[in-house]
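Here's the letter readout for the chains.
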Amino acid sequence: MAEPVLAVEGLNAFYGRAHVLHDLSFELRDEPVAIIGRNGMGKTTLCAAIMGLAPPRAAGSIRFLGTELVGKPPYRIASLGIGYVPQGRRLFPSLTVDEHLRMLGRRSNGRWNRQRVYELFPRLDSRRKNGGAQLSGGEQQMLAIGRALLSNPKLLIMDEPSEGLAPAVVESLIETFKLLVDEGVAILLVEQNLGAATAVCERQLAMVSGQIATETTASALLGDLEAQRRYLGVEPLSDHAEQPAT
């Protein structure tokens, strides 16, 4: 059997003495995978550990196409073919859209280049000269994704890409993610947004207290209100309806 795109085995992560990830293990092959869970469950720590960002301090094994990542600096990990879209976008307010993309575009010799990013996100094309701080939340997210694509990744890790965005923008991003999957980009999607996670990924891994508590499917999760409550804190509207006066 071929090597998985990403194989995490016995991963532990620490912030000082705080033990955040506990013997966490999973594999990602050709299919997109969603990591779901409430705030504080360790999802962003997992992303940081995969990318070699410090903190946290990581121990265990993270293999990308058979290459061990633990102990490698972030630039080495990115150069292997992993793109990262961090929570909060992490753009430079003083740089224009085009300047953000030119930073990576000079070194981009694969199928993704600046022109292709502009074709994927026409709204960015019309905002080339605008600074990062002048963009809407949706445009900032498009720029963060476009910037990551310029590394021509084999694996794209996205941490809460729908956070704070209007539903119409989220729907547009979902279609973009599906397009990337169809083009052969492996996706690890970290999300609290149930609709986004299940629309993009059939395979769902639920994190609780720094561990993978369960693996399920999008179709099963959408039909299981108790699982939605347990792993995402989603409450059906009927639970909040006012009781009639007696």
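Look a little higher up for the structure.
Residues numbered from 1 in each chain as written. Predicted model: local features only at pLDDT ≥ 70, side-chain atom pairs only at ≥ 80, totals over all residues. Heavy atoms only, no water.

## What about the sheet that holds strand S8 (residues 186-191)?
Then step 1. What the six strands build is an open sheet, ordered S6-S7-S8-S3-S9-S10; its pairing is mixed. Whereas interior strands pair on both sides, the edge strands pair on one side only; in this sheet they are strand S6 (82-85) and strand S10 (211-217). Here the strands of the sheet are splayed against their neighbours by 20° on average, with no regard to which way each runs.
Then step 2. Strand contacts of helix H6 (residues 137-149): S6 and strand S7 (155-159), with the helix running at about 165° to S6, the strand carrying the most contacts. (Pairing = 2+ DSSP bridges. Helix = DSSP H or I, 4+ residues; strand = E, 2+ residues; numbered from the N terminus. Axes fitted to C-alpha atoms, helices over the stretch in contact; angles between N-to-C directions. Contact = heavy atoms within 4.5 Å.)

## Examining the nonpolar core
Then step 1. Of all hydrophobic cores here, the largest spans 42 residues; its most connected members are Phe121, Leu124, Ile145, Leu156, Met158, Leu173 and Ile187.
Then step 2. Non-local contacts of Ile187, meaning those with residues more than four positions away in its chain, are made with Leu28, Glu31, Pro32, Val33, Leu155, Leu156, Met158, Phe177, Leu180 and Val181.
Then step 3. Membership of the second largest hydrophobic core comes to 30 residues, among which are Met41, Cys47, Ile77 and Tyr84. (Core = buried A, V, L, I, M, F, W, Y, C linked by side-chain atoms within 4.5 Å. Buried < 20%, exposed > 50% of the residue type's maximum accessible area, 1.4 Å probe, protein only.)

## Describing the pairing of strand S9 (residues 203-208)
Then step 1. With five of six residues buried, S9 lies mostly within the body of the structure.
Then step 2. Relative to S9, strand S3 (residues 33-36) runs parallel, the two being bridged by four bridges. Within the sheet, the bridge partner assigned to Ile35 lies in S9 and is Leu205.
Then step 3. Bridge count between S9 and S10: six bridges; the pairing is antiparallel. Directly across from Leu205, in S10, lies its bridge partner Glu215.
Then step 4. Between S9 and S10, which follow one another and run antiparallel, lie two residues, and Ser209 among them has a positive phi close to 50°.

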